[in-house]
Amino acid sequence: MNQFTAGLFLLIFLALPPVANLLESIMVVHMHMQMPLLVIAGFLMAKLVQERFPVFFENWNSNGVPGILLFIIIMVYWMIPRTMDEALTVQSVAIFKYISLPFLAGIPLRDSWKKLGDKSKNALIISFTVMFFAMGLLYIMSPEQLCNNYLIIEQITLGWGFITMAACAVVYLIYSAVVDPSDYV
Amino acid sequence: MEALKLNFQDKTNKALGINEEDALITKTYMLVAFTALLIGGTLGLLQGLNRAGLLELPVWFNYYQVLTAHGLLLVLVLTAFFTIGYFYAAMSHSLGGLLPKVRKMAWIGFGMKIVGFVMAVIPILLNQATVMFTFYPPMAASPWFYIGLVFIVLGVWMCAFGAFIQVANWRKNNKGQHLPIISYFATGVFVLLFFGSVPVAIEVLYIIPWSIGWIETINVMLARTLFWAFGHTLVNIWYLTALSAWYVVVPKIIGGRRFSDTLTRLVIILLVIMNIPGGFHHQIVDPGIAESVKYMHVFMSLAIGFPSLMTAYAMFSVFEKTARKKGGTGIFAWFKKLPWGDVRFLAPMIAMIAFIPGGAGGIVQSTNQLNQVVHNTLWVVGHFHLTVGTTVVLTFFGISYWLIPYVSKRVLTPKINKLGVITTLIWTAGMSFMAIAMHWVGLLGSPRRTSYTTYADNATALSWDPYLMFLAVGGTLLMIGVLLQVYAVVHLMFFAPKGETEFPIADVEDNASKTPMWTESWGRVVVLLLLLVAMGYVIPLVEFIGNAPPGSPPFQTW
Ligand code: HEM
Ligand SMILES: [Cu+2]
């Protein structure tokens, strides 16, 4: 199975109503599992798209910056509580979710990642880490229920999901700062 | 210069065998491990006889004390000491001898584990820690029991960090090379030992003030969850240790080559990354976890089946290739060409075969509805005597017949080999009787962790008796197996004829493709491991803590 089919299968699988219902029934799973998996689906499909439309990517994303900006915008958009709520209640937003995450985040991410330098990559990881800590605190501290569809305890869980992911990113950043791979390999 | 010196050391090490100081570490660890087998096995026999209604245990050493000691000795002491002793010898062999610093850490770790173990055992003997090896709150033991456990964990960490230092040092001096496969297994095991014992350390540090009375209540669900994050990881540590022998040692013993190096390393990485969240399959009937969350955790548990299937494929492929090279033909060529009379092969081979029903039973138990049928019955006890009691333990036995001669500079005589074959067969027969009886009677409802009772001559309870008799028969055979095995270990360590025994490590195929370098980036593996832990644990832990019930004071239920 090539990557494109794998990605397409993943996208279709995630869109199956029982799967979607299960994943969307838990707030943190909705945001930290379903959505990243959709991005991964796009990431997998990207290869074929890149091969088919090399000129397009060359023209519009030659240094990787536009692509990564698009990725950031889409990711940030889906971190807003209200968008998650709408994805559950408004059909067109739900469809937008299934299109935007794979095709407007996953594909540009793959096309841009290789074009970015080490510094930009680290800058991107660091800014997402900071953002995750901030979002985590927001979801944990908020005294109000932010989504109609999810209880406060779910919101707190999501907050801790953000914090633990950010903590993992910090471990990674420290590791790559402290350990010089050329000492070992 | 430094590198040259090390290279020289490496060569002498391989030519002359293990140096005295490194050997002493492994010999000591092995002695403790097999002493635990002797005592633990004896206690197992007492339990077996009791469950069959043949033996009433005295009040000063009751069934549950025996069970606590049996569990702790076999599941913690035997396995931990064996694993550490084995992998320290493996690192000494494949990484050019242990660094003096690392050797010291292994001894400090040894001391801490022994001190901790004594601290934990005394309250068990005094009937003040009859909490079984899972020590679930709100049952509360004497604080000394838990303090002992803390020391054991610290001792294990000492050994884990010793291993990390040894491996990092080797890699600095051997840039561009892959860590030798056996030490790669060791690294995986020590990474799991370290990260897996973090949760139980947290649990115990939470229990201690509660058992002393400084805090009044404890969050029972939180404690259970932390326990199984560790307990399940421990299971995969044994499994990974057994795998190291299957992938690396067995092919050498049968005169073949080992399976693809890249895939072997991939199996290790997968097991290390995916393992810790699997702990939830021990909590399938626990309250406080949403059904949907449990459902998703089933995937996590079953995912472990993937590397297992890869292993089964790998093993058969190695057997097949080896047999063909030796001139075997037909579909069952591999079967005829294998050295069945060699205990170093026979024991791990039966271990692998036992893993087929063992693994199948595991899949059964991971299923919600079926789990409700077998939970806390003797079925479960049958399951882990197949998996740890047979698969893991027989692999350990098989290892002991070359590892102990290797570290004591002696040789395995044909007589001891024969004895080993007999031990293996007795163990297989004993475990078959015992495990099948346990599975079956468990399905009929007989509970685990319950000393013999007929429930006032209740008809159902009486119908269990014939099966329990089989259990006792199996237990008696196993006791004979224990005695023979311990005899073999002592003989090989102190009395067998002097000579050189090699540490059997198979080579890869000549035309093997090069292993990619990404397999060496342990930092990334650890980050992925932590991410999966976060994915698995954030939801239930926030629920348990955020919606916590009032908590429970300590109880002494016995
Ligand atoms: C001489 C061989 C053995 C015999 C006769 C034996 C027998 C038993 C019996 C009858 C039980 C108690 C069942 C119950 O009431 O719940 C038990 C429990 C157990 N056994 Fe064994 N066993 C043997 C070897 C082993 C080995 C080699 C291991 C592991 C390496 C092991 C691990 C355990 C564990 C973890 C428990 C559960 C303790 C608990 O529920 O707290 N046993 N064994
Ligand atoms: Cu488990």
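Residues numbered from 1 in each chain as written. Chains lettered and ligands numbered in written order. Predicted model: local features only at pLDDT ≥ 70, side-chain atom pairs only at ≥ 80, totals over all residues. Heavy atoms only, no water.

1. Observations regarding unusual backbone geometry
Residues and elements named next belong to chain B.
- Here the residue pair Pro-137 and Pro-138 is connected by a cis peptide bond, since its omega of 10° sits within 30 degrees of zero.
- Along the chain, Pro-138 falls in the loop between helix H4 (100-125) and helix H5 (143-173).
- Phi angles above zero are rare outside glycine, and Met-132 is one such case at about 65°.
- Relative to the assigned elements, Met-132 resides in the loop between H4 and H5. (Helix = DSSP H or I, 4+ residues; strand = E, 2+ residues; numbered from the N terminus.)

2. Overview of the environment of Leu-149 of chain B
Residue and element names in this part refer to chain B.
- Relative to the helices and strands, Leu-149 is located in helix H5.
- Classification of Leu-149 by relative accessible area gives buried; the value is 9%.
- When the C-alpha positions of Leu-149 and Ala-472 are compared, they lie 31 Å apart, and in sequence the two are 323 residues distant.
- Setting aside anything within four residues of it in sequence, one finds Leu-149 in contact with Phe-135 and Val-204. (Buried < 20%, exposed > 50% of the residue type's maximum accessible area, 1.4 Å probe, protein only. Contact = heavy atoms within 4.5 Å.)

3. Let's talk about the nonpolar core
Residues and elements named next belong to chain B.
- Grouped together as the largest cluster of nonpolar side chains are 219 residues, with contacts concentrated most on Tyr-86, Tyr-88, Phe-135, Phe-145, Phe-190, Phe-319 and Leu-403.
- Element by element, the count of residues in this core is highest for helix H3 (residues 63-94), at 20 residues.
- Discounting residues that sit within four places of it in the chain, Phe-135 has contacts with Phe-145, Tyr-146, Leu-149, Val-200, Glu-203, Val-204, Ile-207 and Phe-227. (Core = buried A, V, L, I, M, F, W, Y, C linked by side-chain atoms within 4.5 Å.)

4. Structural notes on the site of ligand 1
All names here are of chain B.
- The immediate surroundings of ligand 1 are formed by 26 residues, with Arg-51, Tyr-63, His-70, His-385 and Arg-449 found nearest.
- In this structure, an oxygen atom belonging to ligand 1 sits 2.8 Å away from a side-chain N or O atom of Arg-51.
- Between a nitrogen atom of ligand 1 and a side-chain N or O atom of His-385, the distance comes to 2.8 Å.
- Of all the secondary structure elements, the ones that give two or more residues to the shell around ligand 1 are helix H2 (20-51), H3, helix H14 (378-408), helix H15 (414-443) and helix H17 (465-495).
- In terms of residue class, the shell around ligand 1 is made up of 15 nonpolar, 8 polar and 3 charged. (Near = heavy atom within 4 Å. Polar contact = N/O pair within 3.5 Å; in protein donor to acceptor, adjacent residues only side chain to side chain. Nonpolar A, V, L, I, M, F, W, Y, C, P; charged D, E, K, R; others polar.)

5. Thoughts on helix H6 (residues 181-212) of chain B
Residues and elements named next belong to chain B.
- Relative to the 46 Å expected for 32 residues at 1.5 Å per residue, H6 spans 46 Å between its end C-alpha atoms, a close match to the ideal helical length.
- At Val-198, H6 is bent by approximately 30°, the largest bend along its length, and proline Pro-199 sits one to four residues beyond.
- Most of H6 is tucked away, with 26 of its 32 residues classed as buried.
- Gly-213 occupies a position one or two residues after H6 and carries a positive phi of about 110°. (Expected span 1.5 Å × (residues − 1). Bend = angle between axes of the 7 residues up to and from the residue.)

6. Describing the packing of H4 of chain B against H5 of chain B
All names here are of chain B.
- Contact geometry of H4 with H5 gives a least axis separation of 7 Å together with a crossing angle of 165°. Classified by the angle between their axes, H4 and H5 sit roughly antiparallel to one another. The hand of the H4/H5 crossing is left-handed.
- The class makeup of the residues in the contact of H4 with H5 is 21 nonpolar, 6 polar and 2 charged. (Axes fitted to C-alpha atoms, helices over the stretch in contact; angles between N-to-C directions. Parallel < 35°, antiparallel > 145°, perpendicular 65-115°, else oblique. Left-handed = near helix turned anticlockwise from the far one by under 90°.)

7. Topic: the interface of chain B and chain A
- On the chain A side, the residues contacting the 26 residues of chain B number 22 residues.
- When chain B packs against chain A, the two sides together hide about 2000 Å² of surface, and 81% of this comes from carbon and sulfur.
- Put simply, chain B and chain A have 0 salt bridges between them.
- The tally of links between chain B and chain A comes to 1 residue pair in polar contact (both at pLDDT 80 or more).
- Elements with a contribution of two residues or more to the side of chain B that touches chain A: H5, helix H9 (291-303) and helix H18 (522-546) of chain B.
- Take the side of chain B that touches chain A: its biggest share by element is 13 residues, from H18 of chain B.
- Considered class by class, the residues forming the side of chain B that touches chain A number 14 nonpolar, 6 polar and 6 charged. (Buried area = accessible area lost by both parts, 1.4 Å probe. Salt bridge = Lys/Arg side-chain N within 4 Å of Asp/Glu carboxyl O.)

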